[in-house]
Amino acid sequence: MSGLGGLPDFALWDRALQQRGQNLPCLVVDRQRFVANLALARSRAQLGTGLRVVAKSLASLPLLDLAIEQLGALGVMTFSAAMVQDLLQHRPELEQLMGKPLPVGAAAQVLAGQEKAPEQVIWLIDTARRAQQYAELAIARGVQLRVAIELDVGLHRGGVELAELAALVAEIQRMPGLNIEGVMGYEPHLAKLPTLLRKSAKAAVERALHAAADLMKQLGVCGSGGEAPLVNTGGSLSFDSYGPAQGVSEVSLGSVLVKPQDFLIPATRAFLPAMFIATPILKYRANNPLPGLEALSPLLSWRRRANLAIYGGYWKAKPVHPLGYGNSGVFGRSSNQEVWSGPQLEPSPVDHFAFLHPSQSEAVIPEFGALLVLSEGQITETWPALSHLH
């Protein structure tokens, strides 16, 4: 169970769904696996480093609550106005660090509807122009806004270069309405670089983060409550690589806690996949002729495979059960009645469930709108999803 796949007992999951009377596609999370992943993540985090949960990856309040509680997390990282508002409404005490800069109009909508926003949200600033826009918004609303600077540590998707950081910090410090608290430097490119490039790139990231932390202190930047400046980095693939030695005050993580398909790499080997799509199997044919080539079927029998049709399809997910089945190359993809091909099965799997492993959690949770919670072999709860991430 601890390999890169670590798949659960789908026969047990099938029985649990049958007992519940489930008859539509659904998203299932295994509570025991999720809690085990939380314990592992907490044990791997470096001493003295705060943890922040990425809300878009665990976009359900009960799921987030459990993660925050078990990890002792500082708060969450959010990426959309809708989710910021959802969390401010339902968890007003929760601190939110934005994971991307929002258009100032979106920030204005949040501030207009949520009085706790100035206190609980740290907005992300990537340019002097955006800083000025947020300063004008703060003055217009008569509030002080907490902000952090997006630092480009090598991803080059935007943000401020280290050489430009001091000037932008000084500029923000002169702007009424803004309180700068630190930086956020995301580095997902490291995991995707070839081995020959990764070592030097990682060293460059660490130098940039450490230099930013030192600069913040020299310029008198403080985190909330007068603490050391905020220096946030990391992600599900690297959260355990950073700590005080690199000048990092906190790291973010999310997806690895349910381990979708995109995270099946050696670095996450000990984590367990905890979330799967389940969907009823509608049809099964052990010997299916090729459409339009029925007369040649006897000659093509050597290449024939069994087919099954599922309820729905075209999700961001990979078929994992029944074992050996995958998307049909003959029928192609379908969001209505997708066909899989694989080995012959006995007995027929019709009226049982097929399972898919999502490629990412942030796409499928809003799509399904809820999670069915599997605990000790039973579906025990339904956890609603947070607002869509757009």
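Refer to the structure printed above.
In this report, the structure presented in the accompanying data block is examined. Every value quoted in this text rests on a predicted model; they were computed, and no experiment measured them. (Residues numbered from 1 in each chain as written. Predicted model: local features only at pLDDT ≥ 70, side-chain atom pairs only at ≥ 80, totals over all residues. Heavy atoms only, no water.)

Let us look at the packing of helix H8 (residues 162-173) against helix H10 (residues 195-218). The axes of two packed helices give the description: the angle between them and the distance between them. Following both chains from N to C, one finds H8 and H10 inclined at 20 degrees, their axes separated by 10 Å at the closest point. By the angle class used here, H8 and H10 are roughly parallel. Both H8 and H10 take part in a crossing whose hand is right-handed. Between H8 and H10, the contacting residues are Leu162, Leu165, Ala166 and Val169 on the first element and Ala208, Ala211, Ala212, Leu215 and Met216 on the second. Partitioned by chemical class, the residues of the contact of H8 with H10 number 9 nonpolar, no polar and no charged. (Axes fitted to C-alpha atoms, helices over the stretch in contact; angles between N-to-C directions. Helix = DSSP H or I, 4+ residues; strand = E, 2+ residues; numbered from the N terminus. Parallel < 35°, antiparallel > 145°, perpendicular 65-115°, else oblique. Left-handed = near helix turned anticlockwise from the far one by under 90°. Contact = heavy atoms within 4.5 Å. Nonpolar A, V, L, I, M, F, W, Y, C, P; charged D, E, K, R; others polar.)

What follows covers a nonpolar patch on the surface. On the surface, a nonpolar cluster with roughly 250 Å² of combined accessible area is contributed by Leu24, Leu282 and Tyr311. Residue placement: leucine 24 occurs in the loop between helix H1 (10-20) and strand S1 (26-30). Relative accessible area serves as the criterion here: at 40%, leucine 24 is assigned to the partly exposed category. (Patch = residues over 30% accessible without salt bridge, like charges linked within 9 Å, V, L, I, M, F, W, Y side chains within 5 Å. Areas by Shrake-Rupley, 256 points an atom, 1.4 Å probe, with all protein chains shown as cover. Salt bridge = Lys/Arg side-chain N within 4 Å of Asp/Glu carboxyl O. Buried < 20%, exposed > 50% of the residue type's maximum accessible area, 1.4 Å probe, protein only.)

Before going further, it helps to examine helix H2 (residues 31-44). Under the 1.5 Å per step criterion, the end-to-end length of H2 is 20 Å for 14 residues, consistent within 8% with the ideal 20 Å. Inspection of H2 places Arg33, Phe34, Asn37, Leu38 and Ala41 among the buried residues, and these make up the whole buried set. Down the axis, H2 shows its buried residues gathered within 140 degrees of arc, on one side only. For H2, the secondary structure elements touched by its buried residues are S1, helix H3 (61-71) and strand S9 (250-253). Backbone nitrogen of glutamine 32 and a side-chain oxygen of the N-cap are separated by 3.0 Å at the start of H2; the cap is aspartate 30. (Expected span 1.5 Å × (residues − 1). Arc of directions from axis to C-beta. Polar contact = N/O pair within 3.5 Å; in protein donor to acceptor, adjacent residues only side chain to side chain.)

On to the side chain of serine 255. Note on placement: serine 255 falls in the loop between S9 and strand S10 (275-285). Note on serine 255: relative accessible area 6%, which makes it buried. When residues no more than four places from it in sequence are discounted, the contact partners of serine 255 are Ser57, Ser236, Pro260, Phe263 and Ser361.

With that settled, the discussion passes to the environment of alanine 140. Inspection of the secondary structure puts alanine 140 in helix H7 (residues 128-141). Taking relative accessible area as the criterion, alanine 140 reaches 67% and is therefore assigned exposed. C-alpha of alanine 140 to C-alpha of lysine 199: the two residues are 59 residues apart in sequence and 47 Å apart in space.

For the rest of this paragraph, the subject is the sheet that holds strand S3 (residues 75-78). Strand pairing within a sheet occurs via backbone hydrogen bonds; the two strands may be parallel or antiparallel. With parallel pairing, 8 strands are arranged side by side around a closed barrel as S2-S3-S4-S5-S6-S7-S8-S9. Within this sheet the neighbouring strands show an average axis-to-axis angle of 30 degrees, counted without direction. The pairing of strand S4 (residues 95-98) with strand S5 (residues 121-125) spans 2 bridges and is parallel. Of the residues in S5, the one forming a bridge with leucine 97 is isoleucine 122. Its contacts with the sheet place H3 against strand S2 (50-54), S3 and S9, and it is angled at close to 170 degrees to S2. Strands in contact with H7 are S5, strand S6 (145-150) and strand S7 (178-185); relative to S5, the strand with the most contacts, it is inclined by about 145 degrees. (Pairing = 2+ DSSP bridges.)

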